[in-house]
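# Coordinate inspection notes
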There are 2 protein chains.
Amino acid sequence: MAVTLQTGPVRKALPVKAAGRGVETTLRSHTQVALRSAILNGQFVAGQKLVERELCELTGASRSVLREALVNLEVNGLIERQSYCGYRVTELDARTVCEIFELRSSLETQAAVLFAERASEAELEALNRQLEKLEDCVENFDIEIMRPVKEGYYDILFTGCRNRELRRALENIIDRVCHLRSRLMRDPELRVTSLHEMQKLTAALLKRDPIATRAASLAHLDSAKEAVLASMADEVFKDDL
Amino acid sequence: MAVTLQTGPVRKALPVKAAGRGVETTLRSHTQVALRSAILNGQFVAGQKLVERELCELTGASRSVLREALVNLEVNGLIERQSYCGYRVTELDARTVCEIFELRSSLETQAAVLFAERASEAELEALNRQLEKLEDCVENFDIEIMRPVKEGYYDILFTGCRNRELRRALENIIDRVCHLRSRLMRDPELRVTSLHEMQKLTAALLKRDPIATRAASLAHLDSAKEAVLASMADEVFKDDL
DNA sequence: CAACATAAAATTGTATACAATATATAGTTC
DNA sequence: GAACTATATATTGTATACAATTTTATGTTG
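Report on the accompanying structure. Since the model is a prediction, treat every value here as computed from it, not as a measurement. (Residues numbered from 1 in each chain as written. Chains lettered and ligands numbered in written order. Predicted model: local features only at pLDDT ≥ 70, side-chain atom pairs only at ≥ 80, totals over all residues. Heavy atoms only, no water.)

## Some thoughts on the sheet that holds strand S1 (residues 49–50) of chain B
Across the sheet, which stays open at both edges, the 3 strands sit in the order S1-S3-S2 (chain B) with antiparallel pairing between neighbours. Every interior strand has two partners, whereas the edge strands, S1 and strand S2 (79–82) of chain B, have only one. (Pairing = 2+ DSSP bridges. Helix = DSSP H or I, 4+ residues; strand = E, 2+ residues; numbered from the N terminus.)

In structure tokens, the structure reads:
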């Protein structure tokens, strides 16, 4: 019987182990993260069809692993599936962007208000320090590290609001427009405007002032929404050329 | 004994086709819905371990299909996975319930306020009719059909608020405490209280009064939260016996 | 009998094989 | 040559097989 020395099963054995301990070690989670990053970084353009075999080659995962990762992304709304037609990167029209920002405003403002109410003094200080880092980024045009710094700011905010469900919902919805926002930050003027808004928000948070916090958060998000919508209009215009 | 004699490679050909057109026809979505219902109906108790092979036999799905369905439930927080230890139904402690209701209050109140602002006259009427159905249920102790009737009410509400992302987030979070709420509705007193609160909410919505809507929604959800927390305390007490 | 080490079974993680459907290509007809 | 049909290819949907790990059972030793 079966010595079965055929090509297949002798795969790369244990690439998982090598990944280390702290992070999730399953191929699935690794594949998930890789695909998510690819979409968020804009490597896959919106509307693009995602062929499973190609993704397998790209990530090194088998189809079963890949498909489970795809289900995850689908539930989070990053991709859409149609029977026997595969997955596509979700396209965002203006209406959806408005809906996303409407939801996000509600969630993020609540998070900010709760942060002002519940955060520890240490968290207030940490938030302030993170803001200073962001100021440095803007000043020195360190556009590359701006995203992780901003994510750090939000991480403090979402932790300090003391609601993991809120955090989960927020991180999910933010993913949906993340890549759009990244591209916008190439515009120096928008960077300065955005920073100024975040300074106002931070000041309100440091004073634990719920009214000012709410106002600053809503203003910031409204501004972000308008910028995204404007850039989308530009895209449409470019397509017409 | 296994009543289902679908053991072998003899696949059941096209059970999918039979499902019709409107609904999703894939085995995966069918399996997903079945598992979700089972959890929401309390067939699987919180904390219970879910063995894949058993779920396969229960749903008739193969493991690949089943696992993709499980990923979906996992992303929505209904079940939790641990490497090589499988899935378990997510257990809700008091803190998590508080967090869920805090988030839900925010979302549902926003939805209600937006409904008051944006719903069509037809939707206002539909909401009122649905409330009347609910009144009949409570009056006639039709506890079985109460859940679908309430879901119908919320369906109108979530449609009329004109925000699909908000709807998505809400339906997700509501799932998490759905089974708890169902059990509570066995209590006649709570049914009457809950109905009264919904009457107040509906009245505010019909008048398109945002202030009254907000107040009624928050009051309703706070009351629901307290009821759930109280029942959880009872559960703990019962465990001690 | 308790405690530990070891082996067997069960369960999950991963990879591949087969079936159903959709898309693309080639051929035929007018 | 355009439009339609039939065939071939590609891609997704589904099922099964193999590997890694954990859990349970077994046996040994003090």
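Now that the structure has been shown, we can carry on.
## With respect to the interface of chain A and chain B
On the side of chain B, 34 residues touch chain A, which itself brings 34 residues to the contact. Between chain A and chain B the total buried area reaches about 3100 Å² when both faces are included, carbon and sulfur atoms providing 38% of it. By the criterion of area lost to chain B, the three top residues of chain A are Glu102(A), Arg164(A) and Glu165(A), representing 19% of everything that side buries. Among the ionic pairs, Arg164(B) bridges to Glu99(A), the shortest N-O distance being 3.0 Å. Taken together, the connections running from chain A to chain B amount to 22 residue pairs in polar contact (both at pLDDT 80 or more). Among the elements that line the side of chain A that touches chain B, the one with the most residues is helix H4 (residues 94–118) of chain A, at 11 residues. (Contact = heavy atoms within 4.5 Å. Buried area = accessible area lost by both parts, 1.4 Å probe. Salt bridge = Lys/Arg side-chain N within 4 Å of Asp/Glu carboxyl O. Polar contact = N/O pair within 3.5 Å; in protein donor to acceptor, adjacent residues only side chain to side chain.)

## Considerations on the packing of helix H1 (residues 27–40) of chain A against helix H3 (residues 63–75) of chain A
Residues and elements named next belong to chain A. Between H1 and H3, the least distance of the axes is 8 Å, while the angle of their chain directions is 55 degrees. Of the possible angle classes, the one that applies to H1 and H3 is oblique. Every pair of crossing elements has a handedness; the one defined by H1 and H3 is right-handed. Two secondary-structure elements touch here, H1 through Leu27, Arg28, Thr31, Gln32, Leu35, Arg36 and Ile39 and H3 through Val65, Leu66, Glu68, Ala69, Leu70, Asn72 and Leu73. Looking at the contact of H1 with H3, its residues break down into 8 nonpolar, 3 polar and 3 charged. (Axes fitted to C-alpha atoms, helices over the stretch in contact; angles between N-to-C directions. Parallel < 35°, antiparallel > 145°, perpendicular 65-115°, else oblique. Left-handed = near helix turned anticlockwise from the far one by under 90°. Nonpolar A, V, L, I, M, F, W, Y, C, P; charged D, E, K, R; others polar.)

## Examining the nonpolar core
Membership of the largest hydrophobic core comes to 93 residues, with the highest contact counts inside it found for Leu107(A), Leu205(A), Leu107(B) and Leu205(B). In contact with Leu205(B), other than residues within four places in its own chain, are Ala112(B), Phe115(B), Ala116(B), Leu124(B), Leu127(B), Tyr153(B), Leu157(B) and Thr213(B). In this structure, Leu40(A), Leu78(A), Val89(A) and Leu73(B) belong to the second largest nonpolar core, which totals 38 residues. (Core = buried A, V, L, I, M, F, W, Y, C linked by side-chain atoms within 4.5 Å. Buried < 20%, exposed > 50% of the residue type's maximum accessible area, 1.4 Å probe, protein only.)

## Details of helix H7 (residues 143–160) of chain B
Given 3.6 residues per helical turn, the α-helix brings residues three or four places apart onto the same face. All names here are of chain B. Here H7 is 18 residues long and its end C-alpha atoms lie 26 Å apart, about the 26 Å a rise of 1.5 Å per residue gives. Three or more residues of H7 are buried, namely Met146, Val149, Lys150, Gly152, Tyr153, Tyr154, Ile156, Leu157, Phe158 and Gly160. Just downstream of H7 lies Arg162, where phi reads positive at about 60 degrees. (Expected span 1.5 Å × (residues − 1).)

## Things to note about the pattern of salt bridges
All names here are of chain B. Under the counting rule described, the total for this entry stands at 34 salt bridges over all chains. Arg147 serves as the salt-bridge partner of Glu151, at 3.9 Å between the closest nitrogen and oxygen. Here Arg147 and Glu151 lie together in helix H7, a separation of 4 residues that amounts to about one turn. The exposure class of Glu151 is partly exposed, given its relative accessible area of 46%. Take Arg147: its relative accessible area is 27%, and that puts it in the partly exposed class.

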